[in-house]
Amino acid sequence: MPRTAPVTRWDTDFDVLDPEYISNPFEIWDELRQGCPIAHTDRRGSNWLPTRYADVTAIAHDIEHFSSLEVGVIPFDGEPTEEQDRVLPYGLPPISADPPLHTWTRRLLLPWFSHRRVEGYEELTRELCRSAIAGFDAGGRADAAEEYAQQIPVRVIAQVLGVPIELADTFTGWVRDVLEFADDEERRFRGMEGLIKYFLVELEERKKNPGTDLLSELLHTEVDGALVEESLVLGVAALVLIAGIDTTWSAIGSSLWHLATHPEDRKRLAEEPEIWPLAIEELLRAYSPVTMGRLVTSDVEFAGCPMKEGDHVLLNFPAANRDPETFEDAEEVILDRAHNRHVAFGSGIHRCAGSNLARMELRVALEEWMKAIPEFRIAEGEEVTWAGGQVRGPRRLPVVFP
Amino acid sequence: MNIRVDPDKCQGHARCYGLLPELFDIDDYGLSTVIGDGTVPPELEERARLAIANCPEYAIDETS
Ligand code: HEM
Ligand code: SF4
């Protein structure tokens, strides 16, 4: 069921929740880049959609005119309730903050996802992949999105946060409500409420019995001589869960979709394993999952577009990564692409704080899949479904293998 | 060949480290630096050029 009115003009009336945009946005971006590289819509407020690499990265770097106070791709209608203002006065920093709050909250988080720390999660990731594969029904079919991609990142993040891995499905449900169903006020609210109530209890517990996990450590961290406010710890905790799950499972799922539909690339990876690191970057480029929002802080003309204070701009990293001005044969997936300045993890000061973790998970998940299931394809007569908006990736990916 | 990472531009994408861990070090906050005095050994020059061409922030410069 489409949740949106049909789009007939992409330049003046786009909708990122349009089913065509979700399942196959690539041609829409190509067309826009040639005719109207920054599209506009008045659906859900006044929103701009840049599609060129140069524009997307320039806007991401111009934090003076483009604020992170509203980063949702589907803007939140209406005012935040008093309850929300009280519990999360700063939203979800660092992603929803501008400097100076952004700067120091980001520094609290970065060491937890340094490449050295991330190495410590590789073995767990590998085991999660193997046990997901071992759990497939006999008979050579599986849903590579739901039974594989979706099962891995949530459990790694649970480990980082020090919350039970057994609650994985609950966490996944909340995060989907917040991101995938953001246009459904009720679901979005329910997901956020679930997350907040859960973490409030966990924080109380850690004040009494601190562990060595991210939540405990943040609660006991001092900045400029004072403990970090609890509402900030809550925001950071919720952010790590929201930013770390759907994004990575979508990247794993899209990459598996590519491999399921491109036998020549499966063969290449088997014959030239040394190209794996470049292949990971190329798959991130070609199927970048994440689009972010920005709030226009004062009237500004950008590339000829009259942007008004209060408008939203969608940082279309996925389209930037398909811009032929920046990438040769941009529409082609070239697994060993040598020149690849992709911005799948963003650009500028908000560069994904979890990118080392995400990269490791994507690499391990694909390696383990290809080791166990080197030959596979989409099951005939079955439908692949995609989710989109803030995060694009397959939700059903039925595959068969010998 | 000599290179340096501009600390004002580097945002810690870690692409340089991924391509050439022998030459780049990244601290806990994601900031990359060139190991040593910035001189690239001849056998690493080709990969150093790749690192330059893959940095999304244009933060790596060839200084000589
Ligand atoms: C393939 C998977 C992922 C992709 C494509 C991705 C993408 C992004 C992007 C594009 C941003 C920039 C946001 C902006 O400019 O407003 C971002 C920020 C962020 N991501 Fe990721 N992400 C992924 C996985 C993760 C994981 C696993 C974590 C785990 C902790 C994470 C945590 C964060 C955080 C905390 C920020 C905010 C950084 C800041 O505002 O300074 N992400 N991510
Ligand atoms: S690739 Fe560029 S931005 Fe990323 S760590 Fe290296 S120098 Fe910094």
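Located above this text is the structure these notes cover.
Keep in mind it's a predicted model, so treat the numbers as computed, not measured.

Rules used throughout
- Residues numbered from 1 in each chain as written.
- Chains lettered and ligands numbered in written order.
- Predicted model: local features only at pLDDT ≥ 70, side-chain atom pairs only at ≥ 80, totals over all residues.
- Heavy atoms only, no water.
- Helix = DSSP H or I, 4+ residues; strand = E, 2+ residues; numbered from the N terminus.
- Rg over C-alpha atoms; globule rule 2.2 N^0.38 Å.
- Buried < 20%, exposed > 50% of the residue type's maximum accessible area, 1.4 Å probe, protein only.
- Lys, Arg positive; Asp, Glu negative; His and termini not counted.
- Charge placed at Lys NZ, Arg CZ, Asp CG, Glu CD.
- Near = heavy atom within 4 Å.
- 1 Å grid on protein atoms, 1.4 Å probe; cavity = no way out; pocket = protein on both sides within 12 Å on 5 of 7 lines; lining within 4 Å.
- Sits in = over half its atoms within 2 Å of the grid points.
- Nonpolar A, V, L, I, M, F, W, Y, C, P; charged D, E, K, R; others polar.
- Polar contact = N/O pair within 3.5 Å; in protein donor to acceptor, adjacent residues only side chain to side chain.
- Donors = N, O, S within 2.8 Å, 3.2 Å for Na, K, Ca; no water.
- Axes fitted to C-alpha atoms, helices over the stretch in contact; angles between N-to-C directions.
- Parallel < 35°, antiparallel > 145°, perpendicular 65-115°, else oblique.
- Left-handed = near helix turned anticlockwise from the far one by under 90°.
- Contact = heavy atoms within 4.5 Å.

## Digging into the overall build of chain A
Point 1. When its secondary structure is counted, chain A shows 18 helices and 14 strands.
Point 2. Its C-alpha radius of gyration of 21 Å places chain A within 12% of the 21 Å reference for a compact globule of 402 residues.
Point 3. Expressed as lengths along the three principal axes of its C-alpha atoms, the size of chain A is roughly 60 × 55 × 40 Å.
Point 4. Scored against the burial criterion, the 402 residues of chain A give a buried share of 59%.
Point 5. Each charge class in chain A can be summarised by its mean position, and for the 40 positive and 71 negative side chains these summaries are 3 Å apart.

## A closer look at the site of ligand 2
All names here are of chain B.
Point 1. With respect to spatial proximity, 13 residues lie near ligand 2, and among them C10, H13, A14, C16 and C55 are the closest.
Point 2. Of the pockets mapped on this structure, ligand 2 occupies the second largest cavity.
Point 3. Class assignment for the residues of the shell around ligand 2 results in 7 nonpolar, 4 polar and 2 charged.

## Notes on the site of ligand 1
Residues and elements named next belong to chain A.
Point 1. Around ligand 1 sit 28 residues, and of these H102, R106, R294, H350 and C352 come closest.
Point 2. A distance of 3.5 Å separates an oxygen atom of ligand 1 from a polar atom in the backbone of I95.
Point 3. One nitrogen or oxygen atom from the side chain of H350 is found 2.6 Å from an oxygen atom belonging to ligand 1.
Point 4. Elements represented by at least two residues in the shell around ligand 1 include exactly helix 5 (101-109), helix 13 (230-244), helix 14 (246-261) and strand 7 (292-296).
Point 5. The element best represented in the shell around ligand 1 is helix 13, accounting for 4 residues.

## Overview of the coordination of the iron atom of ligand 1
Point 1. For the iron atom of ligand 1, the protein contributes exactly one donor atom, C352 of chain A (SG), at 2.3 Å.
Point 2. Here C352 of chain A shows up in the loop between helix 17 (317-320) and helix 18 (355-372).

## Quick notes on the packing of helix 16 (residues 276-286) of chain A against helix 18 of chain A
When two helices pack together, you describe them by how their axes are tilted relative to each other and by the distance separating the axes.
Residues and elements named next belong to chain A.
Point 1. Look at helix 16 against helix 18: their axes get within 10 Å of each other, and the N-to-C directions meet at 110°. Relative to helix 18, the element helix 16 lies roughly perpendicular. In terms of crossing hand, the pair formed by helix 16 and helix 18 is right-handed. Between helix 16 and helix 18, the contacting residues are W276, I280, E281, L283 and L284 on the first element and R359, L362, R363, L366, E367 and M370 on the second.

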